[in-house]
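Working through the structure, step by step
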Amino acid sequence: MQKTTMAKNESLKASRKWYEIDATNVILGDLAVFSANILRGKNKPLFTPNFDCGDYLIIRNAKKIKLTGKKLEDKFYYNHSLYVGGLRKRSAADMIEKYPEELIFEAVKGMIPHNRLGRQIIKKLFVYGDNGEAHEAQTPERIEVK
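One structure accompanies this document, and this report is about it. (Residues numbered from 1 in each chain as written. Predicted model: local features only at pLDDT ≥ 70, side-chain atom pairs only at ≥ 80, totals over all residues. Heavy atoms only, no water.)

**Focus on a nonpolar patch on the surface**
The grouping of Phe76, Tyr78 and Leu87 at the surface amounts to a nonpolar patch, some 330 Å² of accessible area in total. Among the secondary structure elements, phenylalanine 76 is positioned in strand β3 (residues 76-80). (Patch = residues over 30% accessible without salt bridge, like charges linked within 9 Å, V, L, I, M, F, W, Y side chains within 5 Å. Areas by Shrake-Rupley, 256 points an atom, 1.4 Å probe, with all protein chains shown as cover. Salt bridge = Lys/Arg side-chain N within 4 Å of Asp/Glu carboxyl O. Helix = DSSP H or I, 4+ residues; strand = E, 2+ residues; numbered from the N terminus.)

Next up, the structure:
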């Protein structure tokens, strides 16, 4: 009889890698699903749902992301300052133009668990609007969204 192996936290931290994705002409939903799977560690054979098994992820060129259909005009993002009259409504076109990092960050954040583990996982995501030179010391491995 084969036993199911559970990942240990010490071995998972030692095996973490850095990945880099270029978001140029990539559809937002496809990028978010692919990124969430890497951050959670679902691409590894020792995936354990109650541990942070995932790797670090850098997303570059967030300004060049694509949305399909009429989402640029019809999709809206809402924020509230918790003050009276503090509701802010922005279209997807405004988000891509002014806040592309926040657009991708929120899309990926919505696809990971909404608990303590999810808050720990999302800290391994780094999004940049342009092709910056940050994190070059980690020598990230470049991967393509499937």
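**Here we look at unusual backbone geometry**
With the exception of glycine, the majority of residues adopt a negative phi angle, and the majority of peptide bonds are in the trans configuration. With phi around 55°, asparagine 25 is a residue other than glycine that occupies positive phi space. Look at asparagine 25 and you get exposed, because its relative accessible area is 58%. One non-glycine residue, asparagine 61, lies in the positive phi region at around 60°. (Buried < 20%, exposed > 50% of the residue type's maximum accessible area, 1.4 Å probe, protein only.)

**Considering the packing of aromatic side chains**
Under the defined criterion, the tally for this structure stands at two aromatic pairs. A centroid spacing of 4.4 Å and a plane angle of 10° characterise the contact between tryptophan 18 and tyrosine 56, whose relative ring orientation is stacked. In this pair, tryptophan 18 sits in strand β1 (residues 18-22) while tyrosine 56 sits in strand β2 (residues 56-60), placing the two residues 38 residues apart along the sequence. According to the relative accessible area criterion, tryptophan 18 is buried, its value standing at 19%. By relative accessible area, which is 25% here, tyrosine 56 ends up partly exposed. (Phe/Tyr/Trp six-rings, centres within 6.5 Å; stacked < 30°, edge-to-face > 60°.)

**Details of the pairing of β2**
Side-chain direction in a regular strand flips from residue to residue, so the side chains alternate between the two faces of the sheet. Of all five residues in β2, four are buried, a share of seventy percent or more. Bridge analysis of β1 against β2 gives five bridges, and the strand direction is parallel. Among the inter-strand pairings, aspartate 22 is bridged to a residue of β2, identified as arginine 60. Handedness of the crossover joining β1 and β2 through helix α2 (residues 28-40): right-handed. Judged from the three bridges that link them, β2 and strand β5 (residues 125-127) form a sheet pairing that is parallel. Bridged to leucine 57 within β5 is leucine 125. (Pairing = 2+ DSSP bridges. Right-handed = clockwise from strand over helix to strand, strands pointing away.)

**Comments concerning the sheet that holds β1**
As a general point, the strands of a sheet are linked pairwise by backbone hydrogen bonds and lie either parallel or antiparallel. Strand order in the open sheet made by the four strands is β5-β2-β1-β6, with parallel pairing throughout. With one partner strand each, in any of the chains shown, β5 and β6 (141-142) form the two edges of the open sheet.

**Regarding the pairing of β3**
Pairing analysis gives five bridges linking β3 to strand β4 (residues 87-91), with the strands arranged antiparallel. In the strand pairing of β4, asparagine 79 is matched with arginine 88. Hairpin geometry of β3 and β4 is characterised by an intervening segment of six residues between the two adjacent antiparallel strands and by a positive phi of about 70° at leucine 82.

**Some remarks on the nonpolar core**
Ranked by size, the top nonpolar core spans 30 residues in total, and within it Leu31, Ile59, Ile65, Ile104 and Leu125 carry the most contacts. At the level of elements, β1, α2, β2, α4 (92-98), α5 (100-109), α6 (116-121) and β5 are the ones that each hand at least two residues to this core. Not counting residues within four places of it along the chain, the set of residues in contact with leucine 125 comprises Leu39, Leu57, Ile59, Phe105 and Val108. (Core = buried A, V, L, I, M, F, W, Y, C linked by side-chain atoms within 4.5 Å. Contact = heavy atoms within 4.5 Å.)

**Considerations on the side chain of arginine 40**
Secondary-structure assignment places arginine 40 in helix α2. Salt bridges are absent for the buried arginine 40, whose nearest opposite-charge side chain, aspartate 52, sits at 7.9 Å. Here arginine 40 is in contact with Phe47, Pro49, Cys53, Gly54, Ile112, Pro113 and Ile121, once residues within four sequence places are set aside. (Lys, Arg positive; Asp, Glu negative; His and termini not counted.)

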